[in-house]
Amino acid sequence: MVLPSVSPKSEIRAHIRSVRRGLPPDVRANADRSLAARAAELILQAGARTVAAYVPLALEPGGPHLVAALAAAAERLLLPVLLDDNDLDWAVYDGHFGTGRLGLQEPTGPRLGVAAVATAELVLLPGLAVAADGTRLGQGGGSYDRVLPRVQAPTIVLLYPGEILPELPREPHDQRVCGALPGYDNAHVHWTKGCPMPHHWHSKYQSASDGG
Ligand SMILES: Nc1nc2c(c(=O)[nH]1)N(C=O)[C@@H](CNc1ccc(C(=O)N[C@@H](CCC(=O)O)C(=O)O)cc1)CN2
Ligand SMILES: Nc1ncnc2c1ncn2[C@@H]1O[C@H](COP(=O)(O)OP(=O)(O)OP(=O)(O)O)[C@@H](O)[C@H]1O
């Protein structure tokens, strides 16, 4: 189905969620494995010591092994804690989870404050789709629209195949992301026009299969 760019965000969310629900388990598992491997590789290639990421929900790209793969590659992995106003606090992943608001799996260690995400050298974030101009469609809480202005580092959304779109509806508060990982084997980061990317990032973040 081709979605007109005028579809309201809610319709596009519903469509992508339903496609995600219908993904055959082996397709999902392959994409999750590929995303976890590529994301860990990016951390190592970029030399990012502190990384901010997320704990995938049942239907979200990355799957149940993402956090362990990232924790093995990063020195310090920050995971979000959803606050009452939908802003995100952060804590270092120490191998333990508790259940937070909306049933989210969250780190149980000391909360570092909303500004702690600024210490990340790479931010991997969830989303339902990313457009060529860097517009990101999320779950609808507006959490990352608050988080992204605090971040200087590359911001990369993990997606399933087909979720990088030509365009998405934009509202004034929508913050752009730098890139997306599309979830097929050995995929490169798809860089958007969404953030001014210093030239040295290109070589740091290109995939090993580029010879870089
Ligand atoms: N795995 C994961 N962790 C995450 C996120 C995520 O998308 N995925 N978040 C990403 O931000 C944050 C929490 N996500 C949220 C998602 C929805 C709403 C929310 O209030 N949703 C409304 C509207 C939904 C809609 O319009 O469809 C609701 O549920 O009523 C709030 C926070 C932090 N952690
Ligand atoms: N900087 C902000 N401060 C306060 N509220 C905000 C801010 N940005 C967005 N919001 C609120 O969040 C609501 C949802 O925004 P939007 O639909 O863009 O979420 P999203 O980016 O898809 O969600 P998420 O980032 O949580 O995955 C907006 O209607 C708005 O009320």
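A brief structural summary. (Residues numbered from 1 in each chain as written. Chains lettered and ligands numbered in written order. Predicted model: local features only at pLDDT ≥ 70, side-chain atom pairs only at ≥ 80, totals over all residues. Heavy atoms only, no water.)

**Observations regarding the site of ligand 1**
Inclusion rule: Residues are labelled near a given molecule or strand when at least one of their non-hydrogen atoms is within 4 Å of it. Each polar contact in these results corresponds to two N or O atoms within 3.5 Å; when the atoms are within protein, one needs to be able to donate a hydrogen and the other to accept it, and residues that are neighboring in sequence are counted only if both atoms are side-chain atoms. Under the DSSP-based scheme used, a helix requires at least four consecutive residues in state H or I and a strand at least two consecutive residues in state E, with every element numbered from the N terminus. Three classes are used: nonpolar for Ala, Val, Leu, Ile, Met, Phe, Trp, Tyr, Cys and Pro, charged for Asp, Glu, Lys and Arg, and polar for all others, with Gly counted as polar.
Residues in contact with ligand 1 amount to 18 residues; listed here are only the nearest, Arg17, Val55, Glu60, Gln139 and Ser143. Within the side chain of Glu60, a nitrogen or oxygen atom sits 2.5 Å from a nitrogen atom of ligand 1. At 3.4 Å from an oxygen atom of ligand 1 is found a side-chain nitrogen or oxygen belonging to Ser143. Elements with a minimum of two residues in the shell around ligand 1: β2 (76-82) and α4 (143-147). Across the shell around ligand 1, the residue classes break down as 11 nonpolar, 5 polar and 2 charged.

**Here we look at the packing of helix α2 (residues 25-46) against helix α3 (residues 66-73)**
Applicable threshold: In this analysis an axis means a line fitted to C-alpha atoms, helices contributing only their contacting stretch, and an angle means the value between N-to-C directions, from 0 to 180 degrees. Should an angle lie under 35 degrees it is considered roughly parallel, over 145 roughly antiparallel, and from 65 to 115 roughly perpendicular; all remaining angles are considered oblique. Crossings are classed by handedness, with left-handed meaning an anticlockwise turn of the near helix from the far one by less than a right angle and right-handed meaning a clockwise turn. We call two residues in contact whenever any of their non-hydrogen atoms come within 4.5 Å of each other.
Between α2 and α3, the shortest axis-to-axis distance is 9 Å and the interhelical angle comes to 20 degrees. When the axes of α2 and α3 are compared, the pair comes out roughly parallel. With respect to the hand of their crossing, α2 and α3 are arranged in right-handed fashion. Note on element contacts: α3 touches α2 through Leu66, Ala69, Leu70 and Ala73, opposite Ala36, Ala39, Ala40, Ile43 and Leu44. Split into classes, the residues belonging to the contact of α2 with α3 amount to 9 nonpolar, no polar and no charged.

**Let's talk about the pairing of strand β9 (residues 155-158)**
As a reminder of what qualifies: Partly exposed describes any residue whose relative accessible area lies between the buried limit of under 20% and the exposed limit of over 50%, with all areas from a 1.4 Å probe on protein chains only and scaled to the type maximum. When DSSP finds two or more bridges between a pair of strands, those strands are recorded as paired.
The side-chain alternation of β9 yields two buried faces, one formed by Thr155 and Val157 and the other by Ile156 and Leu158. Bridge count for strand β6 (residues 122-125) against β9 is 3 bridges, and the pairing is parallel. Bridged to Val123 within β9 is Thr155. In terms of strand pairing, β9 meets strand β11 (residues 179-181) through 3 bridges, oriented parallel. Bridging across to β11, Leu158 finds its partner in Leu181.

**Structural notes on the pattern of salt bridges**
Test applied: What makes a salt bridge here is a side-chain nitrogen of Lys or Arg within 4 Å of a carboxyl oxygen of Asp or Glu, nothing more.
For the structure on display, the rule yields 7 salt bridges. Measuring nitrogen to oxygen at the nearest pair gives 3.0 Å for the salt bridge that ties Asp174 to Lys9. With a gap of 165 residues between them, Asp174 in the loop between β10 (164-165) and β11 and Lys9 in helix α1 (residues 9-22) connect regions that are remote in the sequence. Across the pair, exposure class does not vary: Asp174 and Lys9 are buried alike. Note that Arg176 is salt-bridged to Asp133, the shortest N-O span being 3.8 Å. One end of the pair, Arg176, is in the loop between β10 and β11; the other, Asp133, is in the loop between β7 (129-131) and β8 (136-137), and 43 residues separate them in sequence. A relative accessible area of 36% means that Arg176 is categorised as partly exposed. With a relative accessible area of 27%, Asp133 lands in the partly exposed category. Beyond isolated ion pairs, a larger network of salt bridges with shared partners links Lys9, Glu171 and Asp174.

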